[in-house]
Structure formats: C-alpha cells, structure tokens
Amino acid sequence: MRRKAIGFAVLGIFVAAAGYVMWAIKSHGFSAREEPSRIEAWLARHARRIATPADAKSLKNPVHTTDEDLPPVRHHFVEHCSSCHGLDGSGNTVFGRNMYPKVPDLRDRETQKLSDGELYYIISNGVRFTGMPAFGGEDSPEELWKLVTFIRRLPNLSPEELKEMERIAVSAQTEGSVGEKAAGHTHGPGTQPPKH
Ligand code: HEC
C-alpha cells in the first residue's frame with residue numbers, strides 16, 4: 001500500500017515537472033537568451049543529484065596534489081575549461097554568459113558544497129542538455145582528480161596564479177597546439193586523443 005502511494009507521488013511529481021517543462025518551452029521557445037527560472041534551475045540541479053550514483057558521490061579524491069604539481073593543472077584548466085568557466089572560474093566569458101543555463105560560478109557555495117566525487121562525476125561525464133562536455137574520454141582519471149583539487153582552490157586563487165594563467169591563455173592563443181603539448185597533451189586540437 002505504502003509502495004503504491006510513493007509510486008503515485010513520484011509519478012505525480014514527474015508529470016508536474018514534464019508539464020512545467022512543456023509550458024516553459026511553449027511560452028519561452030528554445031532561445032538560450034533567457035535565464036532559467038528558479039524552478040527550472042532547482043529541478044535541473046535535483047535531477048542531476050538523483051542521477052548521480054551514490055557510490056560516485058562518495059568517492060574520495062585519491063590523488064594527492066602538491067603545490068609543485070599545480071602548474072600543469074592550471075595549464076589544463078586554461079586549455080579545457082576557461083573558454084566557458086573563465087580563468088578565475090567565474091563563468092564570466094563570452095560563452096559562459098550566453099549559454100542556457102549560464103555557466104555557474106565555480107567559486108560559489110553551490111559548487112563548492114558538492115562532494116569531490118560529484119565534481120569528478122560531472123567533469124568526467126558532463127551534464128546532458130547544458131553544454132558542459134564530458135572529459136572522461138579525453139583526460140586520464142588522475143588529471144580529472146587534479147582538476148577537482150583545482151576547483152577547490154578557485155575561491156582563493158592568488159593574483160600571481162591568475163597572472164600565470166593569463167600568460168598561458170595568451171601563449172595558447174598564439175601558439176595553437178603547443179599549449180596542449182605543455183599540458184601533457186600530445187594530440188593537437190581536432191585530432192584523436194591517445195587512449196590513457
Ligand atoms: C563548452 C562550455 C564548457 C566547458 C569547455 C566546460 N564547462 Fe563545465 N560547465 C558548463 C556548463 C554550461 C555547466 C552548467 C551545467 C549545469 O547547469 O548542470 C558546467 C558545469 C560545471 C560544473 C558543475 C558546477 C555546478 O555547480 O553545477 C563543474 C564542476 C564544471 N563545469 C567543471 C568543468 C571543468 C573542470 C572543465 C574543464 C575540464 C569544464 N567544466 C569545461 C560548460 C562548460
């Protein structure tokens with residue numbers, strides 16, 4: 001009996017959410033130029049939470065990243081993440097500002113309160129329908145865990161670190177794939193990555 005009631009409640013929530021999405025599409029179309037409503041943002045976050053397997057959420061970061069290990073990690077973030085997330089993680093970039101949903105500020109509590117396992121899962125698998133790519137087929141698990149460590153540092157990046165990242169961004173723009181090589185990525189842009 002209780003199971004049935006829970007089943008109906010879940011179905012009810014599902015139908016209401018589907019109805020809401022249909023209504024939102026009908027009244028706002030598919031334009032990416034609007035801000036998601038609070039309900040939409042809440043639904044999307046919770047759907048993502050529910051869809052993340054519990055054992056993935058509870059994974060602990062197995063890679064110890066020291067200060068000496070950080071330069072290539074900063075490089076990696078500049079190369080693969082900063083076009084959307086910005087060098088400082090604020091998301092204040094041409095892409096970040098104009099995506100739907102907007103790219104979140106990775107320094108904010110909403111991101112920082114996610115577990116290491118959740119961050120890893122998001123970076124590895126991406127987030128469907130949002131533009132957040134899956135990096136699991138591109139980067140090794142060790143590289144991804146180091147990015148998790150780096151995301152934890154974003155709220156306290158020093159001006160020197162930011163300067164260094166700006167330098168990397170400028171040299172990557174002028175030198176093309178050279179930046180990828182320096183980050184330990186020997187495949188040029190647009191080519192097949194080696195299997196890690
Ligand atoms: C093409 C644009 C793009 C690139 C490149 C990109 N992201 Fe994202 N990222 C997004 C978007 C859009 C979201 C919001 C997803 C959502 O709403 O669930 C996001 C979300 C995230 C989140 C979850 C934050 C939260 O609070 O929900 C993390 C963590 C993240 N990205 C890390 C990275 C890292 C690390 C890289 C580089 C390896 C990267 N992203 C590259 C667009 C991008």
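None of the values given here were measured: they were computed from a predicted structure.

Thoughts on the overall build of the protein
Here comes step 1: Broken down by element type, the protein carries 11 helices and zero strands.
Here comes step 2: Walking the protein from its N terminus toward its C terminus, one meets helices and strands in the order α-α-α-α-α-α-α-α-α-α-α.
Here comes step 3: For the protein, with 196 residues in total, the buried portion stands at 19%.

So, the site of the ligand
Here comes step 1: Residues in contact with the ligand amount to 26 residues; listed here are only the nearest, Cys81, Cys84, Thr111, Thr130 and Met132.
Here comes step 2: Those elements that place two or more of their residues in the shell around the ligand are helix H2 (38-51), helix H5 (82-85), helix H7 (109-112), helix H8 (116-125) and helix H9 (141-153).
Here comes step 3: Partitioning the shell around the ligand into residue classes produces 18 nonpolar, six polar and two charged.

A few points about the nonpolar core
Here comes step 1: Ranked by internal contacts, the top residues of the largest apolar core, which has 18 residues, are Leu119, Tyr120, Ile123, Leu144, Leu147, Val148 and Ile151.
Here comes step 2: With residues up to four places along the chain from it excluded, the contact list for valine 148 reads Asn61, Asp116, Leu119 and Tyr120.

Observations regarding the environment of phenylalanine 30
Here comes step 1: Its location among the elements puts phenylalanine 30 in the loop between helix H1 (2-28) and H2.
Here comes step 2: For the pair phenylalanine 30 and tyrosine 100, spaced 70 residues apart in sequence, the C-alpha to C-alpha distance is 9.6 Å.

Brief notes about the packing of helix H4 (residues 70-80) against H9
Here comes step 1: As a packed pair, H4 and H9 sit with axes 10 Å apart at the nearest point and diverge in direction by 90°. When the interaxial angle is binned, H4 and H9 end up roughly perpendicular. Two secondary-structure elements touch here, H4 through Val73, His76 and Phe77 and H9 through Glu143, Lys146, Leu147 and Phe150.
Here comes step 2: Split into classes, the residues belonging to the contact of H4 with H9 amount to four nonpolar, one polar and two charged.

The rules behind each value
Residues numbered from 1 in each chain as written. Predicted model: local features only at pLDDT ≥ 70, side-chain atom pairs only at ≥ 80, totals over all residues. Helix = DSSP H or I, 4+ residues; strand = E, 2+ residues; numbered from the N terminus. Buried ≥ 20, exposed ≤ 12 C-beta atoms within 10 Å, placed from the backbone. Near = placed C-beta within 6 Å. Nonpolar A, V, L, I, M, F, W, Y, C, P; charged D, E, K, R; others polar. Core = buried A, V, L, I, M, F, W, Y, C linked by C-beta atoms within 7 Å. Contact = placed C-beta atoms within 7 Å. Axes fitted to C-alpha atoms, helices over the stretch in contact; angles between N-to-C directions. Parallel < 35°, antiparallel > 145°, perpendicular 65-115°, else oblique.

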